Amino acid sequence: MQYPKKSFQLLLLIAAAMQFTACSKTVQWEEEVLLNTGQAIWVKRTVVYSRQGGAGNPLETAYRPEKDQAIEFKWNGKTFNYKGEARIMVLAVSPHGQPALIAPAEANSWNWRYKYLCTFPFYVQLVPDADGINWTWPISIESWLYNLPTNLLLDIGDPNKMKMRYLQAEKTNQPFWTDPQSRYMQKIDPAFNGDLCKTEK
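Residues numbered from 1 in each chain as written. Predicted model: local features only at pLDDT ≥ 70, side-chain atom pairs only at ≥ 80, totals over all residues. Heavy atoms only, no water.

K.L.:
Which parts of the structure should I look at to understand the pattern of salt bridges?
P.N.:
Working definition: two side chains of opposite charge can pair if their charged atoms are close together. If you walk through the whole model with that rule in mind, you get six salt bridges. A salt bridge links glutamate 31 to arginine 45, with the shortest nitrogen-to-oxygen separation between them at 2.8 Å. One end of the pair, glutamate 31, is in strand β1 (residues 24-34); the other, arginine 45, is in strand β2 (residues 40-53), with 14 residues separating them in the sequence. With a relative accessible area of 0%, glutamate 31 lands in the buried category. A salt bridge links arginine 113 to glutamate 85, with the shortest nitrogen-to-oxygen separation between them at 2.7 Å. Of this pair, arginine 113 sits in helix α2 (residues 110-113) while glutamate 85 is found in the loop between β4 (78-84) and β5 (90-93), placing the two residues 28 residues apart along the sequence. Residue class for arginine 113 comes out partly exposed when judged on its relative accessible area of 46%. (Salt bridge = Lys/Arg side-chain N within 4 Å of Asp/Glu carboxyl O. Helix = DSSP H or I, 4+ residues; strand = E, 2+ residues; numbered from the N terminus. Buried < 20%, exposed > 50% of the residue type's maximum accessible area, 1.4 Å probe, protein only.)

What follows is the structure, encoded as structure tokens:
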């Protein structure tokens, strides 16, 4: 009779899987953001970490940030909330006074999920509704965004090493600022066309 033994092994596997999926950590912090208007505001960020396998080795599990992340901020007396997969790098205010969130379109496969066609430059501009909760996007980003520097924290690492508050000046220490391959992350690069939208010349 092998059934009891196999059933027990199956239960152990299920219990282990549930332990991995149930273990999560929510990390929140505030960061100072210098806007393109010259004003500085404080933004609240929320990231959930879960135990995930590594890209090269799925069995090598560690706490890694989930794709969905949340941003909350106030502008002109109104509260704005965004939660989604876009890897937001810039928070900016339009010439008409409307806030916008900008992300590389292919980061976290955002473009595939929302069927966002290749544009030049290949970023997405998220625009809030009147309630500041639902976000939509034009077919391409507006030119007033070109060359605006990244003003949000992108290097989100070990959940146990994240601080409660970050000043704008502290964020200039992120590794991508000195990486020549990451120019598209350092600012909204008008020449960025992404890896997926490059064509043979």
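K.L.:
Before we go on, may I ask you to explain the confidence of the model for the protein in this structure?
P.N.:
If pLDDT is low for a region, its predicted coordinates should not be looked at in detail. Here the protein shows a mean pLDDT of 82. Residues at 70 or above account for 79%. Confidence drops under a pLDDT of 50 for residues 11-21, and excluding neighbours within four residues, the segment shows two contacts in the predicted structure. (pLDDT = per-residue confidence, 0-100. Contact = heavy atoms within 4.5 Å.)

K.L.:
Looking at this structure, how should I read the layout of surface pockets?
P.N.:
The gaps left among the atoms become clear once a water-sized probe is rolled over them. Here the largest pocket is characterised by a volume of approximately 270 Å³. In this structure, the largest pocket is lined by 16 residues; those nearest its centre are Glu106, Gln181, Tyr184, Phe192 and Asp195. Counting residues per element, the lining of the largest pocket draws most heavily on helix α3 (residues 183-186), which supplies three residues. Here the residues of the lining of the largest pocket are counted per class, giving seven nonpolar, three polar and six charged. (1 Å grid on protein atoms, 1.4 Å probe; cavity = no way out; pocket = protein on both sides within 12 Å on 5 of 7 lines; lining within 4 Å. Points joined across faces, edges and corners; volume = space filled by probe spheres on them. Nonpolar A, V, L, I, M, F, W, Y, C, P; charged D, E, K, R; others polar.)

K.L.:
How should I be thinking about the nonpolar core in this particular structure?
P.N.:
A general tendency of soluble globular proteins is for nonpolar side chains to be buried together. Core analysis: the largest hydrophobic core is formed by 38 residues, its most contacted members being Phe73, Ile88, Leu91, Leu126 and Ile188. Looking at this core, the elements with two or more residues in it are β2, β3 (61-75), β4, β5, β6 (99-104) and β7 (123-128). What isoleucine 88 contacts, discounting residues up to four positions off in sequence, is Ile71, Tyr82, Leu101, Ile102, Ala103, Leu126, Leu152 and Leu154. Core analysis: the second largest hydrophobic core is formed by eight residues, Val27, Leu153, Met162 and Tyr166 among them. (Core = buried A, V, L, I, M, F, W, Y, C linked by side-chain atoms within 4.5 Å.)

K.L.:
Looking at this model, I keep getting lost on the side chain of glutamine 186. Mind explaining?
P.N.:
Residue position: glutamine 186 is located in helix α3. The class for glutamine 186 is buried, based on a relative accessible area of 16%. Ignoring any residue separated from it by four or fewer positions in sequence, one finds glutamine 186 in contact with Pro149, Thr150, Phe176, Trp177, Thr178 and Asp179.

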